[in-house]
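Here are the chains, one letter per residue:
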Amino acid sequence: MAAQLGKRLPVPGRYVLTGLAIVIFLPVFVHLDGTLYTTTDEFYESGFRLSRLPLPLSVAASGLGVLLLALRRDWPRDLTFLALTAASIIATSLLFLEELSRSKLLLCAQFLLPMGGYLLGRLAFRQPGRELQILSTAILITLTVVVPGQLADTWLSGDSPILAPTFFGVGVYGHLQYVPTTFVALFLIGLGTTWSSPAANTRHRRFIVVLAMLMGIYVASSMSMLAVGGFAVCLLAYAVYDVAAHRRPATALLSLAAVGIMILTLQTAIPISERFATKFALGTPDVPTVRAAAAPLASPATPAAAPAVRPGVAPAAGGSGMRPEADRSAGEQQLPVPAVDLSGLSEEARLILDLWGEDAARVAGLPPNIAIRLGYWKHYTAGLLSSPGHFLFGRPVPPDRNRFPSAHNYYLDLAYNFGAVTVVPIVVLIGITAAGVWRQRHVVVQNAPLFSLALGVAFLLLLDNQTRVGMRQPYPGIVAFFLWGVLMNLVQGARGAEQSSVTAGAAHRPTELQP
């Protein structure tokens, strides 16, 4: 019965799909108790209370993708690899059933939940020749509401150039990390589907110019090095493509102007904000103190010190902010107290000392963001390779999230917690996607909107999630998986159209997708 219903399911109309895409892209969050997320705290902690966990509206859309899959009898073969990843996560969790903790269950849900976005993009987002136009409409509506709204709240606060955690009073969870990088990918797709569209008129292009300038300010205000670097690299890469493939020099001028506005905003903010200056410093703050403090850390006779706590995470009453010893993964040790006064040390320098210990002097000359990220990678890689069982099936207990909130790499984080067996299928699916894009490269190159979608998905999968864990977070994860599913839909659709034309005996011409 379900299979017959699945075969008769109608393709959703344009307006339904546009509304669905807006729900996915809009960073509006609600608590499980039904209240709207309006917190203005820069770093929000739910305290492991499920009722206070902020979830994006896109979770409901992700659930729709799972429902559509359940109602179908014939499903695309590429979904098998995603199903293998999900099944492996569940299976490796059950291997350690006796040690299964609440934090492990939450981690399991974090990885599984966003995958519904791929199902939605792959199964529901089907309007032949109009998918990119629908995406463009939803993206531009989202950016037009959120970007000016957050900038207005930032400027009205008047006390800091750092991006406000709200737009028009509505809270944005992850406003300095995941949302800006997600918006970089969305703007890139909006640029390709609107600016480079043959149907675009002067009014459309003027609108994109204004939005590009606002995006430059927005990205700089987020203090996210990945968003700043990604915005510059993606815009300039797209400009080179558009000039070379379509002879549109105006794209280069637009990209240079937007990147220039971003750099100007950074240069304005760094002298007036200590946090901006520290974040974009060329070396770790307090380098001499860090190097002096690192040397005595090798001494085993020195008493243990409390580890550094992430900014915004308050220590528990009477404690150091660490979770109970029973929840701490094996191999984590507290560091000895260095024989140097660290009272004036910056938070970034303290964290580097905590992550690197006696080796902190080796990374003290690096930008703090890079030194900290390398420290996380070092810890998670060492834990993953500590035994063949840990490598294949993951570690039974997640690391203490106050010291090690994530691996700052989605694939490493997935392997550390659930084993390499869970990573293989999703890497294979990335390879299938890349191969599909390569086979249809003549279509992708000729169609600017499709090229921008492919570039945006590549940014999220291969850069953003190599340095963060966005695909295990509900909002950025669902967006990334959804765009990935739409890209696979279009690539497979182009291949099918091309094969049909060859079968019919038509002369071979590159398949065109309407923007």
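One numbering rule holds for all chains: residues counted from 1, following each sequence as written. The predicted nature of this model means local features are confined to residues of pLDDT at least 70 and side-chain atom pairs, given and counted, to a pLDDT of 80 or more, with totals for whole chains, interfaces and linings taken over all residues. Side-chain metrics in this entry use all non-hydrogen atoms of the structure; hydrogen atoms and water are not considered.

Chemist: Describe the packing of aromatic side chains, and please don't skip the residues or the numbers.
Modeler: For Phe, Tyr and Trp, rings pair up if their centres lie within 6.5 Å, where Trp contributes its six-membered ring, and each pair is then called stacked (planes under 30 degrees apart), edge-to-face (over 60) or tilted (otherwise). Taken as a whole, this structure holds 18 aromatic pairs when the rule is applied. Ring geometry for Y241 versus F451: centroids 3.7 Å apart, planes at 10 degrees, classification stacked. Of the two residues, Y241 is situated in helix 10 (residues 225-246) and F451 in helix 21 (residues 448-467); the sequence distance between them amounts to 210 residues. Throughout this description, buried means an accessible area under 20% of the type-specific maximum (1.4 Å probe, protein chains only), exposed means over 50%, and partly exposed covers the range between. According to the relative accessible area criterion, Y241 is buried, its value standing at 8%. By the criterion adopted, a ring carries a charge over it if an Arg CZ or a Lys NZ lies within 6 Å of its centre and within 35 degrees of its normal. Lying over the aromatic face of W195, R205 brings its terminal NZ or CZ to 6.0 Å of the ring centre. Positioned above the aromatic ring of W356 is the side chain of K378, whose terminal nitrogen or guanidinium carbon lies 5.1 Å from the ring centre. Numbering goes from the N terminus for both helices and strands, where a helix is a DSSP run of H or I of at least four residues and a strand is a run of E of at least two.

Chemist: Could you give an account of unusual backbone geometry, with specific residues and numbers?
Modeler: Glycine aside, a negative phi is what most residues show, and trans is what most peptide bonds show. A positive phi angle, close to 55 degrees, is found at F168, a residue other than glycine. Among the structural elements, F168 can be located in the loop between strand 3 (166-167) and strand 4 (170-171). Residue class for F168 comes out exposed when judged on its relative accessible area of 56%. At H408, a position not held by glycine, the phi torsion is positive, near 55 degrees. Within the secondary structure, H408 is located in the loop between helix 17 (388-393) and helix 18 (410-418).

Chemist: Describe the nonpolar core, with residues and values.
Modeler: F25, F183, L453, L483 and W484 are the most contacted members of the largest nonpolar core, which has 126 residues in total. A total of 13 residues in this core trace back to one element, the largest contributor, which is helix 22 (residues 474-503). For F25, the contacting residues outside a window of four places in its chain are L135, A138, I139, T142, F183, L186, Y475, V479, F482 and L483. In these notes, a set of buried Ala, Val, Leu, Ile, Met, Phe, Trp, Tyr and Cys residues joined through side-chain atoms within 4.5 Å is what counts as a nonpolar core. We call two residues in contact when some of their heavy atoms are within 4.5 Å.

Chemist: Residues and numbers for the environment of S273, please.
Modeler: Within the element layout of this structure, S273 appears in the loop between helix 11 (249-269) and helix 12 (274-279). Its relative accessible area of 7% is what places S273 among the buried residues. Considered as a pair, S273 and S160 are 113 residues apart in the sequence and their alpha carbons are 7.3 Å apart. Not counting chain neighbours up to four residues away, the residues in contact with S273 comprise P161 and I162.

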